[in-house]
Amino acid sequence: MLDSFTCSRIILNTNGSRALRLFSLEFANIHSLPIVNQPEDISLIVTGLTTRLLLFERSRVTDRPEGEPNFHIFYYMLAGLDEESRLVFPEDKISAKKFWQQLCHDAELLQFDIKNEWLTGGITRLLAVIYHLGCAGYCNELNEKNLLYFTNYQSAQYAAYLLHCSLDTLNELIFYPVLRKPTTNHYYYHHHHIENNNDNQYCIKWTAKNCLHAFVQDLYNMIIDILISLINRYVYLFI
C-alpha cells in the first residue's frame, strides 16, 4: 500500500521509491511479562512495531519531472472510478484498476473504516481534492475584491464541496499568503521602490502558483501521515 503513495515511474525504474521508511521494533524482557509457560531459550519478545515515513519528493504532486508521471495512487484511484469519470492516463488502465481494487482489499485487511477512513470520508476524498485543485488552476491578477482566484470555478467548487467549505473560504485559505499589507520597513521601500500610505492596500509577495502548490503538497503530506497512523493503529492492536 505504501508503494502506491510514495513510488512513481522514473527514467531508470518503473517503481522508484521517493521516500524513506523507518521501522522501529520495541522489545521487552520476556521474564518481566505475565506470560504463562515462558520458554527458557528466549529472553526478549517483540512488544511494538512503528512505521515512520519521510517523503522526499512531495513536490512531484504539483511539479512532475519531465517525462515522468505522478505517484501511482492517483492513476489507480481514477482508474478505479466508473467509466464516465476516467481520463487518459500514462499508465495502463486495466492494470491500474486492478491495483486500486487490491488497495481497497488491503484497506479492509488493515481494518480501515472503508467509508469514513478510506473512501468517501477519508483518504480517497482528500486525493480527489488534490485532483480537482489541479484542474482548478489559478490567476495571478487580483479581482475586484483584491483577491486572487481560480480559473476553473467548477473544479474549485468540487474541491470546496469535498472539504465541506465554501468556495470563498477555500480561495482565501489557499491564496491568503499572497495578500499581505505593505511593510513599513525602510529597506523594503528603498530596494523595491514601493510608496504606499494606504494600510488597506495589498502587495503580492508570493505568487498564486506557489500558494496553490504549497497547499496541495501539504495536503498530500497530511494524507501520508494519516495513512501511516492507520497502519500503525492496526499493528498496535495485533502485537
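Coordinates for the structure precede this section.
Residues numbered from 1 in each chain as written. Predicted model: local features only at pLDDT ≥ 70, side-chain atom pairs only at ≥ 80, totals over all residues. Heavy atoms only, no water.

Visitor: Mind laying out the nonpolar core, listing which residues take part and the relevant values?
Guide: Counting 53 residues, the largest nonpolar core has Phe5, Ile73, Trp118, Leu127, Leu133, Phe150 and Tyr220 as its most contacted members. Top contributing element to this core by residue count: helix α9 (residues 208-237), with 14 residues. If we skip the residues at most four places from it in the chain, Leu127 touches Phe5, Ile73, Phe74, Met77, Tyr220 and Ile223. (Core = buried A, V, L, I, M, F, W, Y, C linked by side-chain atoms within 4.5 Å. Buried < 20%, exposed > 50% of the residue type's maximum accessible area, 1.4 Å probe, protein only. Helix = DSSP H or I, 4+ residues; strand = E, 2+ residues; numbered from the N terminus. Contact = heavy atoms within 4.5 Å.)

Visitor: Any chance you could break down the environment of Trp206 for me, citing the residues and the numbers?
Guide: Note that Trp206 resides in the loop between β6 (203-204) and α9. The exposure class of Trp206 is partly exposed, given its relative accessible area of 38%. Taking the C-alpha atoms as reference points, Trp206 and Tyr176, separated by 30 residues in sequence, lie 9.6 Å from one another.

Visitor: Lay out the pairing of strand β2 (residues 13-17) with the relevant residues and their values.
Guide: Judged from the three bridges that link them, strand β1 (residues 7-10) and β2 form a sheet pairing that is antiparallel. Each residue of the ladder has a partner; that of Ile10, found in β2, is Asn13. Here β1 hands over to β2 after two residues, the two strands then running antiparallel side by side. (Pairing = 2+ DSSP bridges.)

Visitor: Got a sec to walk through unusual backbone geometry? Specific residues and values, please.
Guide: For residues other than glycine, phi is negative in most cases, and the peptide bonds are mostly trans. For Gln111, which is not glycine, the phi torsion reads 60° and is therefore positive. Tracing the chain through its elements places Gln111 in the loop between α3 (93-109) and α4 (114-118). Given the relative accessible area of 44%, Gln111 is considered partly exposed. With a phi close to 60°, His164 is a non-glycine residue in the positive phi region. Mapping His164 onto the fold places it in the loop between α6 (153-162) and α7 (167-175).

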